[in-house]
Structures are given as C-alpha cells and as structure tokens.
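Residue-level structural notes
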Amino acid sequence: MDLIQSYSEELKLIRKPWTKVWVWGLVLAVFLLPTYTTDAVVYIATMVFMLTVGVLGQNLLIGFTGQISFGQAGFLAIGAFTFGHLSMLGVPWALALVAAGVMAGIFGFLVGFPSLRLKGPYLAIATLGFGVAVYQIFANSPVLSGGRMGLTIQKLEEFWFLNMEQTYFYLYFIIAGLFVLLTYNIVSSYMGRAFIAIRDNDIAAEVLGVSLTRYKLLSFAISSFYVGVQGGMLALLLGYLEPNMFTFLTTIDFLVAVIVGGLALVEGSILGAAFVVIIPQLLSEYKEAVPFIYGVAIILVLIFQPLGLAGMWLKMRLYFRHWPFR
Amino acid sequence: MSQVAETGREQLAADKPPLLKIANIETLYFDRIYALHGLTLTIREKEIFAVLGPNGAGKTTLLKTVAGLLKDQPNKGTIEFEGRRIHRLAPERISGRGIVFVPEDRGLFRELTVKENLEIGCWGRRGKEVKDDLEFVYELFPILAERGEQQAETLSGGQQQMLAIARALLRRPKLLMLDEPSLGLAPLVARSVYDALVKIAEIGTTILLVEQNAKLAFSIADYGYIMEAGRIVLEGTSAELQENEDVQELYLGLGGDEDSSKGWRLYKKRRTW
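The text that follows walks through the structure, step by step, so that each part is easy to find. (Residues numbered from 1 in each chain as written. Chains lettered and ligands numbered in written order. Predicted model: local features only at pLDDT ≥ 70, side-chain atom pairs only at ≥ 80, totals over all residues. Heavy atoms only, no water.)

Some remarks on the overall build of chain B
A tally of regular secondary structure across chain B gives 12 helices and 10 strands. A total of 273 residues make up chain B; the buried ones form 53% of that total. Pairs at least 24 residues apart make up 67% of the contacts formed inside chain B by residues separated by at least 6 positions. (Helix = DSSP H or I, 4+ residues; strand = E, 2+ residues; numbered from the N terminus. Buried < 20%, exposed > 50% of the residue type's maximum accessible area, 1.4 Å probe, protein only. Contact = heavy atoms within 4.5 Å.)

Structure below.
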C-alpha cells in the first residue's frame, strides 16, 4: 500500500501516473466518439451523460449520506419545468439550467426536514409522498405543465461544424465532466467526511462535532440540485415536456443506477447511468421486460457484488495487480 | 462518613475550580419515566471521576444528557461547563466546547478503516497541532498505527475501544466521558485500556467514567460517585469509598462471608440510603 506523503498528494484526484494515462485515454476515446460511430450511438452517449449528473446527486444522498429518498422524480420535474418556463420567457439556456438546479435544490432543502426525525423506510415513504405529489400537481395544473400540449422548448442550434447530435454530445460531455469533478471534490472535502460519518454512525458523528441538521439538509439540497440540473438538461435535449415523463418509474431508474453502479462510488454512478440508459435501448423490442431486468439486476448485484459494477472493476484491478501470485 | 466526604470534598474544591457543574437535573424518557431525578454532581479539572451504580440507575442517561444526545433534556436543572450553560445545546456545539463522549457501543464507523476513523476524528480541525495529536495517539496505542488499513469492525474488542478513545482524543477534549470502557473486555485488555486512561489524565484531560467494574474503576479514579435510581447516593474519594461498608458489600464483593442472599437483603434495606 502506497502511503500519502504530502497534503498536495492527498488533494490529487489521480495519484498514479499509469492511472492518469488510462483516464486520459478513456476521456479521449469518449471525446472522439462522434468521429467513429453513428449518430444513434452519440445520442445514447448524450443520454448517459445527462443521467450521470442526476445519478451522481442521488449517490451523494443514498451512497454517501445514507439517506434514502424516493422523491427524485419530483425534483427532476421541478428542474425540468423551471427550465421550460424560463426558456419560454427567453432566458438563455445556461442561466436557466442553473436556475433549474437551484429551484430543485430549494425544494430538496425543504424535503430534507423530515430526514432530521425519520430514518430508513420511514424517510423513504415520506420522500415517496413528495415525488408522487409533485407529479399530481403538475398533471392537474395546466398553468404549470402547459396543459394538454405540454411545454415546447427552444432546442440548441447547431454549433460551428457540428451537427445537432454532436452539439448536444459535447455540451453534455462537458457538463457531466464538471459534475464528476465537483463530486470527487465534495467527497474528499470536509463535507464528504461529514456525510460519510452521518451514514456510518450518526450518534458518533454528532459527538465528534458534525451538525446533523446542517449536513443532512445540505446533502438533500446538493443532491436535488444535481437532479434539477439533469431535469433542465432533459428538457433541453427533448425540446418538449409533459408531466407523464416524471412518474414513479423515473425514481426507480435512479435507484437502479445507484445500486447497480455501486453505492458511494463516483465511477459507479457513471456506469450505473450507462446501464439504465443502454438496457432499455437494447431491449427496445421488449419494453415490458425492462422492469423485470432491473429487478433481477438489483437482486443479483446485492447478492453477488454489493459494491456494484464499479466494485467489479476494483476487484479486477486488484486481481491483476497481484497476478500471478494470488 | 458523610462528614469525612464533605471535608475532603471541600479541601479539593478549594484547590481546583469546578469544570462541570450539574445541579438538580431531571431527565425524562417519553415525558413520564424519570431516569435522572434531581441529580447534582461536580467535576473538577484534571482528575479522574468514576460514577458507579447498579443497572438502570441512570449512569448512561447522565452521560447522554451531558453530551446533549437526548432531545429537549434535561427537563429541569442546569449544567454548566467552565462557567457557561451547556444544557439543551445541540450535541455538536457541546462537542465544540470540549466535551467528548465515547458511547457504550464505541460508536465506531464500522465500515471505514482505522485511519479513516481517525481522520473523521480530526474533522473540522486544521493546522500542525493535528499532526502532533495524531502522533500522541499513535504513541499511546501503537496497535492502531499497525492496523491503519484494517476495517474497524474487524478489530478485536479491546482494539475497538482503543480506537474509540483515540478518535475522541483527536477532538482535544477538556472532558472525556467514557461509558463502560471495560465492557466485554478480558481483564488484561481492560487493564491496558485503563492504563492508557491514566496516561491521558496525566496530560491534563479530565475524565468522567461510568463503570460497573468497581475494582477497576477505583484503581484509577480520584473521586467516585455512587448512583441509584437517578440520584447520587454516596460520594467520596476513591479511598474513602473503598473503605465504606456498603460499597464493599455491594460493589466490591467483600464481606459476604454469610449466605449470598444477605447482600441482596442489605441492598433492599439500604435502597433509601
């Protein structure tokens, strides 16, 4: 085990030179994706980037802080419709995206209050109530949801020599990249330590000086901010919005992504997002089978690989590092 | 007896200012069950205090009340630390004042490694002092440096207790409160934990100890309190308490040369004390 020698080394995200090569190689391969694949693949990759943002937020809440929330569809809807209304008012998309995140963050902060008193399944039910309530409100109020026509949103224009798919691809690549970096930094900061302490033993965390109130609410707010930004990205990508996109099944998508990808692993969130996007695409002929696959995947992962897809990768790396001695 | 205790206490009180002053506190569970019933207790700086008592006397409740872990408690009475009121403050603010509580189950972050546990112990602190404190802790418990990368839940009971104490020390406590540090430990291991406590007291940390194992507690404590049914019924220096007949009979297991039920009958009789 290599020991960390200095503080600057502690702060580095990538510690080994070879890991750096791997990571940059991978980033480059993804960056050049449009040059060697079709537009359909590029579109799927764009969706993966979009979902990565939300799953990262969900992982911060479930994986790192240990607070179970089933209200993600609600935050997604709030983010998406905030973005939709603002962009119809003519607000530029970048500003609207931030506003979508902030609006969802505010609601996340409010929904976080039950978490101060409730734990585990009770909290799950309380947040589930929020998610369902938001859907009902949007479904039943034409002012908010744009009525039967839904909201129509101005999509991006083609940028420079890129076509439509490629423009979205690069924009979402950059946004997802920023959120991945942000998450790595949150996790390794004092804030991340506080989240982990609350997850593992909240009484000990309190005794050691971590304010449960502050950090639980902060976790909810940050997580909802992520999901809200994803809602804005969804609206921008699709170009229209209707309440039916934000049913309870959307929440399940997040949960599957977090568990299958790996709890409390940033890389896991990316893999989990990819899983949730790619499986329905592969099974587009058998749409009914998708929830079934999700259920089986969760059970198998929890039994055989509690660390998820990213955990599998970790174990593989460890195996090759020790090879051929173990 | 009580007069001796009084004079001894007055002498000591004259030497050192009180660090923690608990006056007439009442703690209730579910708004109706009294766990602490008008308890008064004073803790002076740089000494080791032991609180003894039978099961259900409210020892753990006392520590939890001081640490602020029981919401809206104490119901009545005041707790002062260094002359400032701390009752009904949030636990993290009490911890910030310098009172650190090591719970009975040790409160480790079980899934994290020993090193990560200690890192969270340093949470919110910065500067060079942290490094010095870490070195002190590793010097006190060399086994923790050895087991740095091991998951906390895979440690043995004694090592877990050492880790819990080490993590608490990294908060630089003025008052360290320990709930049954010898619980579930083999006598030799418990002894080594207690030896470490003596060393911690030597650097100027005040220790408040709750313990069932009276012999062990008296071996390091300067002053003892005996609790029963939510009150302090007896107090005195460790030597005085060890000579007290009731304490010998009920806590140290001495003087029980007649049939064993005598102790229990005496206990019943003296419940009122």
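What to know about the packing of helix α13 (residues 248-261) of chain A against helix α14 (residues 266-282) of chain A
Residues and elements named next belong to chain A. Running from N to C, α13 and α14 cross one another at 130 degrees; their axes reach a closest spacing of 7 Å. By the criterion of interaxial angle, the relationship of α13 to α14 is oblique. For the crossing formed where α13 meets α14, the hand is right-handed. Residues Asp 253, Val 256, Ala 257, Val 260 and Gly 261 of α13 lie in contact with α14, whose contacting residues are Gly 268, Gly 272, Ala 273, Phe 275 and Val 276. Residue composition of the contact of α13 with α14, grouped by class: 6 nonpolar, 3 polar and 1 charged. (Axes fitted to C-alpha atoms, helices over the stretch in contact; angles between N-to-C directions. Parallel < 35°, antiparallel > 145°, perpendicular 65-115°, else oblique. Left-handed = near helix turned anticlockwise from the far one by under 90°. Nonpolar A, V, L, I, M, F, W, Y, C, P; charged D, E, K, R; others polar.)

Concerning unusual backbone geometry
Residue and element names in this part refer to chain B. Although it is not a glycine, Arg 106 sits at a positive phi angle of roughly 75 degrees. Structurally, Arg 106 is set in the loop between β6 (99-102) and α4 (114-121). Although it is not a glycine, Ala 229 adopts a positive phi angle of roughly 50 degrees. Of note, Ala 229 is situated in the loop between β9 (223-228) and β10 (231-237).

Focus: the sheet that holds strand β8 (residues 206-211) of chain B
Residue and element names in this part refer to chain B. The 6 strands are arranged β6-β7-β8-β3-β9-β10 in an open sheet whose pairing can be described as mixed. Each edge of the sheet is formed by a strand with only one pairing partner; in this case those strands are β6 and β10. Across this sheet, the average inter-strand angle for adjacent strands is 15 degrees, counted without regard to direction. In terms of strand pairing, β6 meets strand β7 (residues 175-179) through 4 bridges, oriented parallel. Across the sheet, residue Phe 101 finds its bridge partner in β7, namely Met 177. Against the sheet, helix α2 (residues 59-67) contacts β3 (48-52), β6, β7, β8 and β9, and its axis sits at roughly 145 degrees relative to β7. The strands touched by helix α7 (residues 157-169) are β6 and β7; relative to β6, the strand with the most contacts, the crossing angle is about 165 degrees. (Pairing = 2+ DSSP bridges.)

Structural notes on the pattern of salt bridges
Residues and elements named next belong to chain B. With the rule as written, the count across this model stands at 8 salt bridges over all chains. Measuring nitrogen to oxygen at the nearest pair gives 3.4 Å for the salt bridge that ties Glu 82 to Lys 174. With Glu 82 in the loop between β4 (76-81) and β5 (84-85) and Lys 174 in the loop between α7 and β7, this pair connects stretches of sequence that are 92 residues apart. (Salt bridge = Lys/Arg side-chain N within 4 Å of Asp/Glu carboxyl O.)

Some details on a positive patch on the surface
Together, Arg 84, Arg 85, Arg 88 and Arg 93 of chain B line one region of the surface with positive charge. Looking at the element boundaries, Arg 88 of chain B is found in the loop between β5 and α3 (91-97). (Patch = residues over 30% accessible without salt bridge, like charges linked within 9 Å, V, L, I, M, F, W, Y side chains within 5 Å. Areas by Shrake-Rupley, 256 points an atom, 1.4 Å probe, with all protein chains shown as cover. Lys, Arg positive; Asp, Glu negative; His and termini not counted. Charge placed at Lys NZ, Arg CZ, Asp CG, Glu CD.)

Observations regarding the nonpolar core
Counting residues in hydrophobic clusters, the biggest one holds 92 residues, and the most contacted among them are Tyr 172, Leu 241 and Phe 246 of chain A. In contact with Tyr 172 of chain A, not counting residues within four places along its chain, are Thr 46, Phe 49, Met 50, Met 233, Leu 236 and Leu 237 of chain A. In this structure, Leu 41, Leu 140, Ala 152 and Val 210 of chain B belong to the second largest nonpolar core, which totals 80 residues. (Core = buried A, V, L, I, M, F, W, Y, C linked by side-chain atoms within 4.5 Å.)

Details of the interface of chain A and chain B
The interface is formed by 21 residues belonging to chain A together with 20 residues belonging to chain B. Between chain A and chain B, the buried area comes to about 1,900 Å², and carbon and sulfur atoms account for 65% of it. Taken together, chain A and chain B are joined by 1 salt bridge. With a closest N to O distance of 3.3 Å, Arg 193 of chain A and Glu 119 of chain B form a salt bridge. (Buried area = accessible area lost by both parts, 1.4 Å probe.)

A few points about the environment of Cys 122 of chain B
Residue and element names in this part refer to chain B. Within the fold, Cys 122 resides in the loop between α4 and α5 (128-140). Measuring from C-alpha to C-alpha, the distance between Cys 122 and Ser 219 comes to 31 Å, with 97 residues separating the pair along the chain. Leave out the neighbours within four places in its chain, and Cys 122 touches Val 130, Leu 170 and Arg 171.

Observations regarding the side chain of Thr 82 of chain A
The residue Thr 82 of chain A is located in helix α5 (residues 72-88) in this model. The contact partners of Thr 82 of chain A, leaving out residues within four places of it in the chain, are Ala 99, Ala 100 and Met 103 of chain A.

Examining the sheet that holds β4 of chain B
On the basis of which strands lie adjacent, the open sheet formed by 4 strands has the order β2-β1-β4-β5 (chain B) and antiparallel pairing. Either end of the sheet is taken by a strand with one partner, and the two such strands are β2 (33-44) and β5 of chain B.

Concerning the side chain of Arg 167 of chain B
If you trace the backbone, Arg 167 of chain B turns up in helix α7. Notably, Arg 167 of chain B is buried but unbridged: the nearest opposite-charge side chain belongs to Asp 105 of chain B, and the N-O separation is 7.8 Å. Excluding residues within four positions of it along the chain, Arg 167 of chain B makes contact with Ala 204 and Leu 208 of chain A together with Arg 106, Gly 107, Leu 108, Phe 109, Asn 117, Leu 118 and Gly 121 of chain B.

Focus: α14 of chain A
The terminal C-alpha atoms of α14 of chain A, which comprises 17 residues, lie 25 Å apart, in line with the 24 Å expected from a rise of 1.5 Å per residue. Those residues of α14 of chain A that fall on the buried side of the exposure criterion are Val 266, Gly 268, Ser 269, Gly 272, Ala 273, Ala 274, Phe 275, Val 276, Val 277 and Ile 279 of chain A. (Expected span 1.5 Å × (residues − 1).)

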